[in-house]
Amino acid sequence: MNVDLVVVGSGFFGLTVARQCAEDLGLRVLVIDRRDHIGGNAYSEAEPTTGIEVHRYGAHLFHTSNERVWEHVNRFTRFTPYQHRVFTTYQGQVYAMPVNLGTINQYFRTAMSPAQARALVAEQAAEVDTASAANFEDKAISLIGRPLYEAFFRGYTAKQWQTDPRRLPGETVTRLPVRYTYDNRYFNDTHEGLPVDGYTAWLERLADHPNIEVRLSTDFFDTSQEVSRGNVAGNVPVVYTGPVDTYFGDAEGRLTWRTLDFEQEVLPIGDFQGTPVMNYADEDVPYTRIHEFRHFHPERDYPKDSTVIVREFSRFAAHGDEPYYPVNTPEDRRRLLAYRDLAAGEKGVLFGGRLGTYKYLDMHMAIGAALSMVDNKLAPHFRDGATLTSGGVEG
């Protein structure tokens, strides 16, 4: 195996590391992935009967305010001007999300000004002190009050994370803004859009370099094949982006992951829901949301008489399932500390990405973390001979 670096996982983190190392450091990089396609969970493909691009593992929306990341990704794709807007169905009515002045006025059946709405929410939120709010439920109530929390967050969060919101970390809820205007844009970032010709084309360009070899259907933990943990770790530098607990054989206990199931349907109508994503906040609705992928690319010439919808269901990941998101309960955080100690002792192995660090990372965050890993660890090692130390499972 004549390579300088092995990257386990061909998602955005792994391919960004591979490209930077191949292009800037001149390294021979081998990327392996146990799936039969490139791109990890960002992989997209055309539904064969309609030609509508479907994100196989759930909707991926690119957005960032990091100028370095924006400059980097624009080397490999152009972006549409798409801006993400989400709606949620609750007790038979549709509301705009995230919570904004329109949501507040519709829910309370009023016509408040921004100042009046702010005062009402502040009064309702005073039930819980923000500074002392540690879990998801308390933090949400301290920000938006109990009525809005119970309508739009409690049921949806319980379904999405399959965990009592009081056992989830409070910082999770701060990802979404509360606005006292009628702005219903989902993200606040400077740059936003979808790749003009799809995620798979973008990822393939990222991997298209003479110093990069990609091997699919290759399991890092299959001892019968050449590029396995036993043959590689300690002999060739490795960037590992799979689940950190799997790397160590669940030695400190299995971390809690959330997985997703998808139910795809082609319908003989031109438009099912009029928007890309509709959330369902009621707990008695088994799915968390429905994606209608034609609406992500209104500029494309999709069929007028058919559409593709995908219902998304969330549950705990069992052995053999694809782990998507870290649940991050108090027990998980205690286990993670033990895995950090184990990771720090691994010779020449760096852990990265959402699964490798057990962190909720959006695409732009994963790309930024990959660029930082190259800058701070891989470049000093390969250029200057610095010792390659994991330092644990930080990003």
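Residues numbered from 1 in each chain as written. Predicted model: local features only at pLDDT ≥ 70, side-chain atom pairs only at ≥ 80, totals over all residues. Heavy atoms only, no water.

1. Some thoughts on the packing of helix H1 (residues 12–24) against helix H12 (residues 363–384)
- Look at H1 against H12: their axes get within 8 Å of each other, and the N-to-C directions meet at 40 degrees. Both H1 and H12 take part in a crossing whose hand is right-handed. Within the contact between the two elements, H1 uses Phe12, Phe13, Thr16, Val17, Gln20, Cys21 and Asp24 and H12 uses Met363, Ala366, Ile367, Ala369, Ala370, Leu371, Met373, Val374, Leu378 and Arg383.
- Among the residues forming the contact of H1 with H12, the class breakdown is 13 nonpolar, 2 polar and 2 charged. (Axes fitted to C-alpha atoms, helices over the stretch in contact; angles between N-to-C directions. Helix = DSSP H or I, 4+ residues; strand = E, 2+ residues; numbered from the N terminus. Left-handed = near helix turned anticlockwise from the far one by under 90°. Contact = heavy atoms within 4.5 Å. Nonpolar A, V, L, I, M, F, W, Y, C, P; charged D, E, K, R; others polar.)

2. What about the pairing of strand S7 (residues 93–97)?
- Relative to S7, strand S6 (residues 86–90) runs antiparallel, the two sharing 5 bridges. Considered in S7, the bridge of Tyr90 is made with Gln93.
- Following S6, the chain reverses through 2 residues before pairing antiparallel with S7; Gln91 in that reversal takes a positive phi of roughly 50 degrees. (Pairing = 2+ DSSP bridges.)

3. Some thoughts on the environment of Leu120
- The residue Leu120 is located in helix H4 (residues 114–125) in this model.
- For Leu120, a relative accessible area of 22% corresponds to the partly exposed category.
- Look past the residues within four positions of Leu120 in its chain and what remains in contact with it is Phe108 and Met112. (Buried < 20%, exposed > 50% of the residue type's maximum accessible area, 1.4 Å probe, protein only.)

4. Concerning the packing of aromatic side chains
- Counted under the stated rule, the structure contains 35 aromatic pairs.
- A ring pair is formed by Phe221 and Tyr240, whose centres lie 6.1 Å apart and whose planes are at 75 degrees; its orientation type is edge-to-face. A residue pair is termed long-range when its members are at least 10 positions apart, and Phe221 in the loop between strand S9 (212–215) and helix H8 (229–232) and Tyr240 in strand S10 (residues 238–240) qualify at 19 residues.
- The exposure class assigned to Tyr240 is buried, which follows from its relative accessible area of 1%.
- Here a set of aromatic residues connected by ring pairs shows up, and it is made of Phe220, Phe221, Tyr240, Tyr247, Phe248, Tyr339 and Phe351.
- The ring of Tyr57 has Arg35 lying over it, and the distance from NZ or CZ to the ring centre is 4.1 Å.
- Lying across the ring of Tyr247, Arg229 places its NZ or CZ 4.2 Å from the centre. (Phe/Tyr/Trp six-rings, centres within 6.5 Å; stacked < 30°, edge-to-face > 60°. Lys NZ or Arg CZ within 6 Å of the ring centre and 35° of its normal.)

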